[in-house]
Amino acid sequence: MDGAVSRIEFTPKFALFLFFALAINAAYFWLAIDPVDVSVSLDESGAIETVQLVYLASGAALFFAAAAMLSKADRMLCIGVSVLGLVFFLRELEIDKTGPISTYLQSKSFRAHEALLVAGVAVVYLVLRWRLVSDVVRYVFSKTAWPFYIAGVLLLAGALFDMLHGSVSNQIKEEIFECSSYLSLVLVAGMVCYQQPGAILRRKSADFLMVVVTVCLFAGACWLTELVNR
């Protein structure tokens, strides 16, 4: 179909890359979080929470960049995921109430205004691009969208451990699953940008660059962890 999602697909090579990236991310934080001092490690301003914000911001920005290179249903899908990432970023963001703005950002009023704004913009966008909705839905329920399901399953696993509460182990698993979900969206967004014909990275030699960027991403996460834990 003319408007169908046709420029967002994922190769077996990316599946392997995603598996190892998520495994390294999970292993790192499992070893880095100190069960004895877990209240500091899992604090809203702690290391893993800070890295989650970095992942969410990066993912939202990359999906927005991908949307700029795409059109029709492909663009609608990327815009939708970008907005979703921004919503999760605001949900995870915890700042001290030091003034009227920071107090507002942590208030129930802000959550209500945020929901109304997102819903309003979404309704207008969907009405204007209604003919593309069926193509996006068809893609979402296709096998091609499997990386998005991985992100969703990881997020649901985190929510499950959040509901269980109780043990320190469950708290750690909750945060690691959430962090892994957000990282998967960053890598998916990066791959979407990478595979577009107009992208600067569209060269075989860019495979090496992708590995370097990912290593730098983990190095940055490690640096943030050490910085926050000082």
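From a predicted model like this one, the values you see are computed outputs, not experimental measurements.

Thresholds applied
- Residues numbered from 1 in each chain as written.
- Predicted model: local features only at pLDDT ≥ 70, side-chain atom pairs only at ≥ 80, totals over all residues.
- Heavy atoms only, no water.
- Helix = DSSP H or I, 4+ residues; strand = E, 2+ residues; numbered from the N terminus.
- Buried < 20%, exposed > 50% of the residue type's maximum accessible area, 1.4 Å probe, protein only.
- Contact = heavy atoms within 4.5 Å.
- Areas by Shrake-Rupley, 256 points an atom, 1.4 Å probe, with all protein chains shown as cover.
- Salt bridge = Lys/Arg side-chain N within 4 Å of Asp/Glu carboxyl O.
- Core = buried A, V, L, I, M, F, W, Y, C linked by side-chain atoms within 4.5 Å.
- Phe/Tyr/Trp six-rings, centres within 6.5 Å; stacked < 30°, edge-to-face > 60°.
- Patch = residues over 30% accessible without salt bridge, like charges linked within 9 Å, V, L, I, M, F, W, Y side chains within 5 Å.
- Disulfide = S-S within 2.5 Å.

**Describing the overall build of the protein chain**
Move 1: The helix and strand tally for the protein chain stands at ten helices and zero strands.
Move 2: By residue count, 39% of the 230 residues in the protein chain fall in the buried class.
Move 3: A sequence separation of at least 24 residues applies to 74% of the contacts in the protein chain between residues at least 6 apart.
Move 4: By element, 71% of the accessible surface of the protein chain is carried by carbon and sulfur atoms, the whole surface being about 13,100 Å².

**Thoughts on the pattern of salt bridges**
Move 1: Inspection of every chain in the model, using the stated rule, returns four salt bridges.
Move 2: Across the pair Arg 111 and Glu 114 runs a salt bridge, and its minimum N-O distance is 3.7 Å. You can see Arg 111 and its partner Glu 114 sitting in helix α6 (residues 108–128), three residues apart, about one turn around the helix.
Move 3: By sharing partners, the salt bridges in this structure join Arg 91, Glu 92 and Glu 178 into a single network.

**Some thoughts on helix α7 (residues 130–140)**
Move 1: Of all the residues in α7, the buried ones are Leu 132, Val 133, Asp 135, Val 136 and Tyr 139.
Move 2: Those residues of α7 that are buried lie in contact with α4 (72–92), α6 and α8 (146–164).

**Observations regarding the nonpolar core**
Move 1: Counting 45 residues, the largest nonpolar core has Ile 8, Phe 10, Phe 63, Cys 78, Tyr 139, Phe 148 and Val 192 as the members making the most contacts within it.
Move 2: Of all the secondary structure elements, the ones that give two or more residues to this core are α1 (12–32), α3 (47–69), α4, α7, α8 and α9 (168–194).
Move 3: Counting residues per element, this core draws most heavily on α9, at 14 residues.

**Some words on the packing of aromatic side chains**
Move 1: Overall, the coordinates contain ten aromatic pairs when judged by the stated rule.
Move 2: Clustering of aromatic rings is evident, with ring pairs tying together Phe 10, Phe 14, Phe 17, Phe 63, Trp 146 and Phe 148.

**Focus on a nonpolar patch on the surface**
Move 1: Residues Leu 16, Phe 19, Phe 20 and Ile 24 make up a contiguous nonpolar surface patch of about 430 Å² in total accessible area.
Move 2: One can find Leu 16 in helix α1.

**A closer look at the side chain of Glu 178**
Move 1: As for its position among the elements, Glu 178 is in helix α9.
Move 2: Relative accessible area serves as the criterion here: at 8%, Glu 178 is assigned to the buried category.
Move 3: Non-local contacts of Glu 178, meaning those with residues more than four positions away in its chain, are made with Gln 52, Arg 91, Glu 92, Leu 154, Leu 155 and Gly 158.

**What to know about the state of the cysteines**
Move 1: Under the criterion given, the structure shown has zero disulfides.
Move 2: Cys 78 supplies the cysteine sulfur nearest to Cys 193, a cysteine that is in no disulfide, at a spacing of 7.4 Å.
Move 3: Owing to a relative accessible area of 12%, Cys 193 belongs among the buried residues under this scheme.

**Section: unusual backbone geometry**
Move 1: In the Ramachandran plot, Lys 72 falls in the positive-phi region, its phi being about 55° despite a non-glycine side chain.
Move 2: Inspection of the secondary structure puts Lys 72 in helix α4.

**With respect to the environment of Glu 49**
Move 1: By secondary structure assignment, the location of Glu 49 is in helix α3.
Move 2: Sequence separation of Glu 49 and Glu 92 is 43 residues, and the distance between their C-alpha atoms is 7.6 Å.

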